[in-house]
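Report on the structure
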Amino acid sequence: MDQQYEDIDVRTKIDEYSSFINTTLRPQLESAVKAREDVERDIKEYESLQSKLCKMTRKKSESAEKVPMETLADLGHELVYSNAVVDDPGRIYVHVGMGFHVEMTIEEADAFVKKRIKYLENELMEHKTHRATTIAVHIEETLLVLQELGKEASMEQRENK
């Protein structure tokens, strides 16, 4: 009779661990990976802005007077663009986070972007990568436990035959 309860207990544990992986750990991993990808996207956007700022600095140094600058403006998620003319390319608005944009000179924007990229790469990306790695390790460890439980259940079945 005890053997029957052990079989049921092992099967119950296998079901519990499987459920835990599918309902808790996998969604957490997907969320962590998406958060890391969002940081990677932000870094690329700031690097693109930094490249554009360098071009604007070169154009500004070539001309002593304020010359309007023609550019393409992203109207939404890099899907729709429009031609635009910037009357005073010496000042731009930079997204600083939380939906806020701040007007800055090219030099201020360049300094901000460098600091922002450094922060995103060295602190935020490191944190997001560590979180995703930790969850992946938890999944691997839980799968190992499942594998051992499966072996135990198989051995118990063989012994009962």
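Above this text you will find the structure in question.
All values derive from a computational prediction rather than experimental measurement.

Some remarks on the overall build of the protein chain
When helices and strands are counted, the protein chain shows two helices and four strands. The linear arrangement of helices and strands in the protein chain, starting from the amino end, is α-β-β-β-β-α. Taken over the C-alpha trace, the protein chain has a radius of gyration of 27 Å; the compact-globule value for 161 residues is 15 Å, which it surpasses by more than 25%. C-alpha atoms of the protein chain, sized along the principal axes, occupy 95 × 30 × 20 Å. Per-residue burial for the protein chain yields a buried fraction of 20% across its 161 residues. Carbon and sulfur atoms make up 53% of the accessible area of the protein chain, which totals about 11900 Å². Side chains of the protein chain carry 23 positive and 33 negative charges; the gap between the two charge centres is 5 Å.

Considering the packing of aromatic side chains
Evaluated as defined, the whole model comprises one aromatic pair. A ring pair is formed by Tyr46 and Phe112, whose centres lie 6.3 Å apart and whose planes are at 65°; its orientation type is edge-to-face. A residue pair is termed long-range when its members are at least 10 positions apart, and Tyr46 in helix α1 (residues 2-62) and Phe112 in helix α2 (residues 106-160) qualify at 66 residues.

Thoughts on the pairing of strand β4 (residues 100-105)
Remember that side chains alternate between the two faces of the sheet whenever the strand is regular. One ladder, built from six bridges, connects strand β3 (residues 91-97) with β4; its direction is antiparallel. By the bridge assignment for β4, His95 is matched with His101. Linkage of β3 to β4, two consecutive antiparallel strands, is achieved through a turn of two residues, within which Met98 is found at a positive phi near 55°.

Observations regarding a positive patch on the surface
Together, Lys52, Lys55, Arg58 and Lys59 give the surface a local cluster of positive charge. Mapped onto the secondary structure, Lys59 falls in helix α1.

Looking at the nonpolar core
Core analysis: the largest hydrophobic core is formed by 15 residues, its most contacted members being Leu53, Met56, Ile92 and Ala109. Those elements that place two or more of their residues in this core are α1, β3 and α2. Take this core: its biggest share by element is six residues, from α2. Residue contacts for Ile92: discarding those within four places in its chain leaves Leu49, Leu53, Met56, Val102, Glu103, Met104, Ile106 and Ala109. Membership of the second largest hydrophobic core comes to eleven residues, among which are Ile21, Ile135, Ile139 and Leu146.

Let's talk about the environment of Tyr46
Since its relative accessible area comes to 9%, Tyr46 is described here as buried. Distance from Tyr46 to Met155, taken between C-alpha atoms, is 57 Å for residues 109 residues apart in sequence. The residues contacting Tyr46, other than those within four sequence positions of it, are His95, Val96, Phe112, Val113, Arg116, Ile117 and Leu120.

Structural notes on unusual backbone geometry
One non-glycine residue, Met98, adopts positive backbone phi at about 55°. Topologically, Met98 is positioned in the loop between β3 and β4. By relative accessible area, which is 80% here, Met98 ends up exposed.

Quick notes on a nonpolar patch on the surface
A cluster of nonpolar side chains, Leu75, Leu79 and Val80, forms an exposed patch at the surface whose accessible area comes to about 340 Å². In this structure, Leu75 sits in strand β1 (residues 69-76). Leu75 sits in the exposed class, given a relative accessible area of 58%.

What counts and what doesn't
Residues numbered from 1 in each chain as written. Predicted model: local features only at pLDDT ≥ 70, side-chain atom pairs only at ≥ 80, totals over all residues. Heavy atoms only, no water. Helix = DSSP H or I, 4+ residues; strand = E, 2+ residues; numbered from the N terminus. Rg over C-alpha atoms; globule rule 2.2 N^0.38 Å. Buried < 20%, exposed > 50% of the residue type's maximum accessible area, 1.4 Å probe, protein only. Areas by Shrake-Rupley, 256 points an atom, 1.4 Å probe, with all protein chains shown as cover. Lys, Arg positive; Asp, Glu negative; His and termini not counted. Charge placed at Lys NZ, Arg CZ, Asp CG, Glu CD. Phe/Tyr/Trp six-rings, centres within 6.5 Å; stacked < 30°, edge-to-face > 60°. Pairing = 2+ DSSP bridges. Patch = residues over 30% accessible without salt bridge, like charges linked within 9 Å, V, L, I, M, F, W, Y side chains within 5 Å. Salt bridge = Lys/Arg side-chain N within 4 Å of Asp/Glu carboxyl O. Core = buried A, V, L, I, M, F, W, Y, C linked by side-chain atoms within 4.5 Å. Contact = heavy atoms within 4.5 Å.

Any link to function would need more than the numbers given here.
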